[in-house]
Amino acid sequence: MSTFTLPGSSPACEVHLNDELKKDQLLSFPAFKHWISTLQHSFKQQEHKNHTFHAAPYNLRRIDIQHVDYFGKNKERIGFIKLNTLVTNDNDEYLPGSVFLRGGSVAMLLLLQADDVPANSEQDKYAIMTLQPRIPAGSLSFCEIPAGMLDDSGSFSGGAAKEIEEETGLTVSEDDLIDLTALALAHEPQESGQEQLPKATYPSAGGCDEFVPIFLYQKRIPRDQLQSWQGKLTGLREHGEKITLRLVRLQDLWREGVRDAKTLSAWALYQGLKTESKL
């Protein structure tokens, strides 16, 4: 086990590595870089007099790396890191800080509509959902909208387009995607003391850093092609993906995807932005 001082930390923050990880690996891991940058910016906002913690600001004192999962056949790439933090103020008060570090993901609301109805109508719109094994949830047939982890390259919209093709077989241009989360947060004021979180949803902010921008893609197709999507088998088989597609009427999406936070977020964003005539 080795220890080093986190670069740029003030006060100094000690990082305790386990035997699975080296300093350079941790500091170059995109999820760690994004998380620590976001967290340090949020701590700095305590300097503003209107901040809740201004009188007794909290600081990051220590990071303990507990476990690392590697991806790839030869385990050459960091996938997940489990760590624990010590965050305290000068009054010996602390904030809970167990973190499952995995980085950003993208989710897609894919809507198909028969092309024999008016273009501006909500009639006969169907959402594409995926049924696939999700071992952490204890399920072999979890129903959700298409989603996937971001890799180290490309934009969020580019990652979304890639995931759409991998999970559904649809080839989509980035220009055809609408970022629902960015639209919903467009009114967010730029004020002093404001944190710099990504324009995304956080499915489990109490224990995980994962953030998920949600994109919308809509396509009009011949009615007789709609049913061809039902039960279609997709996914990257060589990566262990076993995906079956399900077509769901848009008005039933909230019910069909009630177990999936991404689906409910997409439904709420779509309905809210429609109500405000932003879609």
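Structure: see above.
Description of the structure in this document. (Residues numbered from 1 in each chain as written. Predicted model: local features only at pLDDT ≥ 70, side-chain atom pairs only at ≥ 80, totals over all residues. Heavy atoms only, no water.)

A separate point is the nonpolar core. Membership of the largest hydrophobic core comes to 24 residues, with the highest contact counts inside it found for Leu26, Phe32, Ile63, Ile65, Ile81 and Leu101. For this core, the secondary structure elements donating two or more residues are helix H2 (30-44), strand E3 (59-71), strand E4 (77-88) and strand E6 (98-101). Here this core takes five residues from H2, the largest share from any one element. In contact with isoleucine 65, not counting residues within four places along its chain, are His16, Leu17, Asn18, Leu21, Leu26, Ile81, Lys82 and Leu83. (Core = buried A, V, L, I, M, F, W, Y, C linked by side-chain atoms within 4.5 Å. Buried < 20%, exposed > 50% of the residue type's maximum accessible area, 1.4 Å probe, protein only. Helix = DSSP H or I, 4+ residues; strand = E, 2+ residues; numbered from the N terminus. Contact = heavy atoms within 4.5 Å.)

Quick look at H2 now. Along its 15 residues, H2 runs 21 Å from first to last C-alpha, staying within 8% of the 21 Å computed at 1.5 Å per residue. Among all positions of H2, only Ala31, Phe32, Trp35, Ile36, Thr38, Ser42 and Phe43 are buried. Taken end-on, H2 shows its buried residues confined to a sector of 165°, consistent with a single buried face. If you follow the buried residues of H2, they end up packed against helix H1 (23-28), E3, E4 and E6. (Expected span 1.5 Å × (residues − 1). Arc of directions from axis to C-beta.)

So, on to the environment of aspartate 92. Considering the arrangement of structural elements, one finds aspartate 92 in the loop between E4 and strand E5 (94-95). Aspartate 92 sits in the exposed class, given a relative accessible area of 71%.

The linkage connecting serine 10 with the following residue, proline 11, adopts the cis geometry, with an omega of 0°. Along the chain, proline 11 falls in the loop between strand E1 (3-5) and strand E2 (14-16). Even without being a glycine, lysine 75 presents a positive backbone phi close to 55°. With respect to the helices and strands, the residue lysine 75 is situated in the loop between E3 and E4. Phi is positive for serine 277, which is not a glycine, with a value near 55°. Note that serine 277 resides in the segment after helix H7 (261-275).

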